[in-house]
Amino acid sequence: MEIQVQAQGSLTVVVLTGEIDGKTAPEVQSRLLPLAENGRKLVLDMQKVTFLSSAGLRVLFLLNRAASSGSGKIFLTGLVPELRDTMSVTGFLKCFQLFDSQEQAVEALR
Amino acid sequence: MPDTSSRIDYYPTHEYQGFHLRPGHPYPFGATILSGGVNFSVFSSHATSCTLVLFDKGEPLPRVEIPFPDSFRIGNVWCMVVFDLDCESVEYGYRMDGPFEPAEGHRFDPTKILLDPYAKTVSGREIWGQDPDWQQPFPHRGRLVFEDFDWEDDRPLERPMEELVIYEMHVRSFTRHPSALVKHPGTFAGLLEKIPYLKELGINCIEMMPVYEFDEFENSRKSPTTGETLYNYWGYSTVGFFSPKAGYAATGRWGMQVDELKNVVKEIHKAGIEVILDVVFNHTAEGNEHGPTISFRGLDNKTYYMLTPEGYYFNFSGCGNTLNCNHPIVRSIVLDCLRYWAAEFHIDGFRFDLAAILGRDPWGAPLPNPPLLESLAFDPVLAKCKLIAEAWDAGGLYQVGTFPAYGRWAEWNGKYRDDVRRFVKGDPGLAGALATRLQGSPDLYGWNGRGPTASINFLTCHDGFTLLDLFSYNEKHNEKNGEENRDGANDNHSWNCGREGATEDPPVQALRRQMIKTALSILLTSRGVPMLWMGDEMGRTQEGNNNAYCLDDPTNWLDWNLTEQNRDLLRFVQLLLRHRKAHPLLRSKKHPCFHRGGFEEYPEISFHGQAPWQPDWSEESRRLACLWSGRDRQDAPAFLYFAVNAHWEGAWFALPRIPRCWHVAINTGMPAPEDIFAPGEEVLLSDQSGVFLSPRSAMFIIGK
C-alpha cells in the first residue's frame, strides 16, 4: 500500500496505490484521518487501487464521516469499474461525490 | 471521544502459541469484534472441553487451535477474547469433546470442527453452484462481520397488516433468467434493479424464500432423465441461521453479503415495500444420524434435537431431524436470531416454515401454550414484526385456524387456497365456503377474535402449481425432479381447461387467461392479506412441476419476456391491485357485519344470487355475488358488487338497487383491455338492472 499526499491550494490530493483491506486499512486510516478531521477538502485518487475489502470500504466511509462532521469533504476519483460496482451494490457509493479523474476534481473544486 | 485503549480489558492477560488472550464475555454468544480483539463465546451443556480453531481464509489446515482454559468457562459457556486478529481473513470453528453415547443423545466427536451456530457469515459456498471441495473436512466456516451499516433514517416500515399485499419470491429465480437483463443475475444486487418493477406492480411487501446460509449441494445429484445437476435449490435446510446466503450476493466472494442484503432492504424500504423472510426453524441441514456433522449435532445434540427414547431423530419435518424448539436453549437461539434480523437487517416480518413444529414439546406432543410462540409474540424487539405461520407440519399436525396466536400470529390460510381453487374450477357445494373466504374466513378467525388479518389469503405459493399451471394441468409433472413423479402434492384442485399442458389452441388459451383473472379477482377482493406468487402476474409456467425444489433452470427462473408476451395479464394485475388500494372496505381488519354497518340501511356485506338478495346456497350452486357497502376514503358512500359465475354456462345477474349508478370496474369475461378499467375510469353500465356474466367469469361493479 502506497499513500502519497500532496497539497494543491485548498485541496489535499491523496494518491492511493494497492489494495485496501484488513491489513492495510489501519495505515490508511492513521495517515488520512487527521487530514479529514482538519476540515480540508480531500481528493482521493483511487485509480491505482485494485481492491477494496469490507474493511477498506469502511475506512473510506469513516473518513467521509470525519470530514463531514467538520467543514471538510471527501471526493473520489478514478474508481475502476469493479470497485465502483462493489460500492454500488453495498450502498457505499452514494455517500461520495465522484469524479472521473484527479484533474477533473481539482478543476471543479478549485 | 473516549479512548478505548484506556480500558483495562484492552490488554491481554494470557498467551498461547504467540496469540494473546484474555477471559471473554459469555454474552453475546458468537464472535463479536471488540476494540483490539474478538470475543468468542459458545455454549454446550454436555461437552467436557472446547477448543477454538482459527484458519486463515481458505486454508485447508488451521493456523492455530486454542483450547479454552477452564478458567475461561462460566457455567456452560466457553468465552475468550483473542487479540490482534485480522477480522477479514480469519475463519473459525470449534472442537467439542464429550461423550459419544447415541442412546443417551450424545454424539460428541472431537475430530470434527464445528460451525458456530451464531456465525454472522459463513464461508464455503460463496459462489452459487461452484463445485465444492468434497474432501474438505470443515466446509462451512464462521467469519466475522462489521456491524456498522449506515441505515441513515431507515427502520422497518410497520405497515398495518390489513394494508399488505405480499409477493412471495425466490431471490435467485427472480433475476437469474437472462431476460432479467440485470448486471448480477440471481443475486440481491439483481433484485435491487427490479425494485421499480415491484413498485409499479403495486405490491407492498416481498416475502423472500430462505436467504439464511444453506448448502445448495446438500443431497445434490444428477437427474436420471436429463443429466442436469439437481440441487437443494429452494434452500429449506439451514446451515447458518444468522448469516445471509453468500451465494445470493454479487459480493459474496468478498464476504460482503451482509452489506449487500442490508442495502437491498434499505432501498426496498425507500420504495415503500416491506421485507418478510421465510425462516426454517423446524430442522437443520444435518439430517438424521447418517447426515453430516456441521454444527448442532457436535455442539449439543441432546439439547438441539428432538430425540426418540433410543436416541434417534424424530422426523416431524420430513427432512431427517427436528429442531427441539421448546427447549429453553433452543428457544433463546431462535429469539436471538429473529431479534438480530429485525434489529440489524431491519426485516419487517417472518414467515415460519412448518410452524406447527414450533408448538411441539421436546417429545413431539403439541403444547396448548407453547413457550416459544409466546416469547416471540411478546418480544419487545419483534413487537411490530409480522409473524406468519405455515400452520402445519409433516408429522400430521394441522393448525389452520387454531395456531396459538397470542393476538399476533397470522397464518397461511390453506383452506382459503383449497376452497377458492375448487369453487373456481367449478366444483359443486362451495358457494357457502366462498362467501366465508371473501369475508376473511370468520369460521377460522372470528370465534377467537383474531380477525381477517390473521388470514394470509393465497391461491398459489412456491409449493404447488403456478397459477397458469393450475389451469393447464390436471396432474403434476415432476419427472425432472428425478423421483419418478412421486414427489409433490397430488391434491391440487387444478383443471387443465381441456388440454394437458401448453397448447396453441386459442380458445383453451383464452379460457386459461380468463380463469386466472377470475381467481385473482376473488383473491384481491377478499378480506384478509392477499399473497401473490412470483410471476403469476405475468403467466409464469413450471410446465406442470408442482414441487420444483431442486431445479436450477428455467423451470424456476422468472422469464421476463413474459411481461411483454402477457402484457394484458400484467396490466390486469396492476389495475386489480390499484382497485384493492382504492377501496378500504375490502381491507378492514374486522370481519364484515350482515345486519348493519353499510351506507344507511345497507349491511356491510350482503350476499346475492342471480336475483338480488337471494343467494343460492344449494349444492349445485356455482354462482355467488356479494355487495359491500360502507364509506370510502373520502367518506363518500361506497357500494362494491362482486359476482362470480364459476358455472360453464353464462348467467344473468339482476343487480341490487342502490342510491347510486353502477359502473363496471372488472369483467373477466371480456378480452383486454375491456377486462378491467382503472380506478376512476369505471364505465357506466348501460342497463342498470343487471349484468350478464360469461361462463367462468367474475365482475366487479361499483356504485358512484
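Residues numbered from 1 in each chain as written. Chains lettered and ligands numbered in written order. Predicted model: local features only at pLDDT ≥ 70, side-chain atom pairs only at ≥ 80, totals over all residues. Heavy atoms only, no water.

Honestly, the overall build of chain A in this entry has me stumped. Any pointers?
The helix and strand inventory of chain A stands at four helices and five strands. Each helix and strand of chain A, ordered N terminal to C terminal, gives the series β-β-α-β-α-β-α-β-α. The C-alpha atoms of chain A give 12 Å as radius of gyration, which agrees with the globular expectation for 110 residues (13 Å, within 12%). When its C-alpha atoms are laid out on the principal axes, chain A stretches across 30 × 25 × 25 Å. (Helix = DSSP H or I, 4+ residues; strand = E, 2+ residues; numbered from the N terminus. Rg over C-alpha atoms; globule rule 2.2 N^0.38 Å.)

What is the right way to read the overall build of chain B from this model?
If you tally the helices and strands in chain B, you get 14 helices and 33 strands. Taking 2.2 N^0.38 as the reference for a compact globule, 704 residues should give roughly 27 Å; the C-alpha atoms of chain B span a radius of gyration of 27 Å, in line with that estimate. Across its three principal directions, the C-alpha atoms of chain B cover 90 × 55 × 50 Å. In chain B, which comprises 704 residues, the share counted as buried stands at 63%. Intrachain contacts of chain B at a sequence separation of at least 6 include 71% that bridge at least 24 residues. Roughly 25800 Å² of accessible area belongs to chain B as shown, and the carbon and sulfur atoms make up 52% of that amount. Looking at chain B, you have 68 positive and 93 negative side-chain charges, and the mean spots of the two groups are 4 Å apart. (Buried < 20%, exposed > 50% of the residue type's maximum accessible area, 1.4 Å probe, protein only. Contact = heavy atoms within 4.5 Å. Areas by Shrake-Rupley, 256 points an atom, 1.4 Å probe, with all protein chains shown as cover. Lys, Arg positive; Asp, Glu negative; His and termini not counted. Charge placed at Lys NZ, Arg CZ, Asp CG, Glu CD.)

Explain the confidence of the model for chain A here, please?
Detailed conclusions should not be drawn from predicted coordinates in areas where pLDDT is low. For chain A, per-residue confidence averages 92 on the pLDDT scale, and 100% of positions sit at 70 or higher. Ranking the helices and strands of chain A by mean pLDDT puts helix H3 (residues 81-89) of chain A first, with 95, and helix H4 (residues 102-109) of chain A last, with 88. (pLDDT = per-residue confidence, 0-100.)

Before we go on, may I ask you to explain helix H1 (residues 25-37) of chain A in this structure?
Given 3.6 residues per turn, any residue in an α-helix points the same way as the ones three and four places further on. All names here are of chain A. Taking 1.5 Å per residue, 13 residues should reach 18 Å; H1 reaches 17 Å between its end C-alpha atoms and fits that length. All of the buried residues along H1 are Ala-25, Val-28, Leu-32, Leu-33, Leu-35 and Ala-36. The inward-facing, buried residues of H1 contact strand S1 (2-8), strand S2 (11-20), strand S3 (41-52), helix H2 (54-68) and strand S4 (73-77). (Expected span 1.5 Å × (residues − 1).)

I'm lost on the interface of chain B and chain A in this one. Help?
Many analyses report the size of an interface as the accessible area lost when the parts associate. Each partner contributes residues to the interface: chain B has 19 residues there, and chain A has 21 residues. Where chain B abuts chain A, roughly 1600 Å² becomes buried across the two surfaces, and 53% of that area is made up of carbon and sulfur atoms. The tally of links between chain B and chain A comes to six salt bridges. Linking chain B with chain A are 13 residue pairs in polar contact (both at pLDDT 80 or more). At the level of secondary structure, the elements contributing two or more residues to the side of chain B that touches chain A comprise helix H2 (188-193) and helix H4 (257-270) of chain B. For the side of chain B that touches chain A, the leading source of residues is H4 of chain B, giving five residues. (Buried area = accessible area lost by both parts, 1.4 Å probe. Salt bridge = Lys/Arg side-chain N within 4 Å of Asp/Glu carboxyl O. Polar contact = N/O pair within 3.5 Å; in protein donor to acceptor, adjacent residues only side chain to side chain.)

Please clarify how the pairing of strand S23 (residues 409-412) of chain B should be interpreted in this entry.
In the case of a regular strand, side chains alternate between the two sheet surfaces. Residue and element names in this part refer to chain B. Neither face of S23 is exposed, since Trp-409 and Glu-411 on one face and Ala-410 and Trp-412 on the opposite face are all buried. Pairing between strand S22 (residues 386-389) and S23: three bridges, direction parallel. For Ala-389, the partnering residue across the bridge sits in S23 and is Glu-411. Note that S23 and strand S24 (residues 455-458) share two bridges and pair parallel. Within S24, the residue paired with Glu-411 across the bridge is Ser-455. (Pairing = 2+ DSSP bridges.)

I tried to follow the side chain of Glu-126 of chain B on my own but got confused; where do I start?
Residue and element names in this part refer to chain B. Mapped onto the elements, Glu-126 comes out in the loop between strand S12 (121-123) and strand S13 (141-143). A distance of 3.4 Å separates a polar atom in the side chain of Glu-126 from a polar atom in the side chain of Lys-57. A polar side-chain atom of Glu-126 sits 3.1 Å from the main-chain amide nitrogen of Gly-124. Dropping the residues within four chain positions of it, Glu-126 is found in contact with Lys-57, Ala-246, Gly-247, Gly-252 and Arg-253.

Sorry if this is basic, but what is going on with unusual backbone geometry here?
Glycine aside, residues mostly have negative phi, and peptide bonds are mostly found in the trans state. All names here are of chain B. Of note, the amide linkage connecting Tyr-27 to Pro-28 takes the cis form, showing an omega dihedral of -10°. Residue placement: Pro-28 occurs in the loop between strand S2 (19-23) and strand S3 (30-34). Following Ala-672, the chain continues to Pro-673 via a peptide bond in cis, the omega torsion being 5°. Structurally, Pro-673 is set in the loop between strand S30 (662-667) and strand S31 (683-684). Unusually for a residue other than glycine, His-346 sits at a positive phi of about 55°. With respect to the helices, strands and loops of the structure, His-346 is situated in the loop between helix H6 (328-344) and strand S21 (349-352). Classification of His-346 by relative accessible area gives buried; the value is 8%. Look at Asn-485: it is not a glycine, yet its phi comes out positive at around 65°. Following the sequence through the fold, Asn-485 ends up in the loop between helix H11 (467-470) and helix H12 (506-525).

Help me understand the sheet that holds strand S27 (residues 623-631) of chain B, please; the structure alone is not making it clear to me.
Sheets are built from strands paired through backbone hydrogen bonds, the pairs being either parallel or antiparallel. Residue and element names in this part refer to chain B. Spatially, six strands are ordered S26-S27-S28-S33-S30-S31 in an open sheet, and the strand pairing comes out antiparallel. Each having just a single partner strand, strand S26 (605-608) and S31 make up the two edges of the open sheet. As paired elements, S27 and strand S28 (residues 637-645) share nine bridges and run antiparallel to each other. If you follow Arg-631 over to S28, its bridge partner there is Pro-637. Across the sheet, helix H9 (residues 431-438) lies against S26, S27 and S28, angled at about 25° from S27, the strand it touches most. (Axes fitted to C-alpha atoms, helices over the stretch in contact; angles between N-to-C directions.)

In this structure, what is going on with the state of the cysteines? I would like to understand it.
Structurally, a disulfide amounts to a covalent bond that connects the sulfur atoms of two cysteines. Residue and element names in this part refer to chain B. Under the counting rule described, the total for this entry stands at zero disulfides over all chains. Of the cysteine sulfurs around Cys-87, a residue in no disulfide, the closest is that of Cys-79, at 18 Å. Free cysteine Cys-319: the closest other cysteine sulfur is in Cys-325, separated by 13 Å. Owing to a relative accessible area of 36%, Cys-319 belongs among the partly exposed residues under this scheme. (Disulfide = S-S within 2.5 Å.)

Could you clarify how one ought to interpret the pattern of salt bridges in this entry?
Between side chains of opposite charge, a pair can form as their charged atoms come close. Under the criterion given, the structure shown has 45 salt bridges over all chains. Asp-86 of chain B is paired through a salt bridge with Lys-23 of chain A; the nearest N and O atoms lie 3.0 Å apart. Residue Asp-86 of chain B is found in the loop between strand S8 (77-83) and strand S9 (90-97), and its partner Lys-23 of chain A is found in the loop between S2 and H1; the two belong to separate chains. Overall, the relative accessible area of 60% leaves Lys-23 of chain A in the exposed class. Across the pair Arg-95 of chain B and Glu-65 of chain B runs a salt bridge, and its minimum N-O distance is 2.8 Å. You can see Arg-95 of chain B sitting in strand S9 and its partner Glu-65 of chain B sitting in strand S6 (residues 64-67), a full 30 residues away along the chain. Linked through salt bridges whose partners overlap, the residues forming this network are Arg-513, Lys-517, Asp-568, Arg-571 and Asp-675 of chain B.

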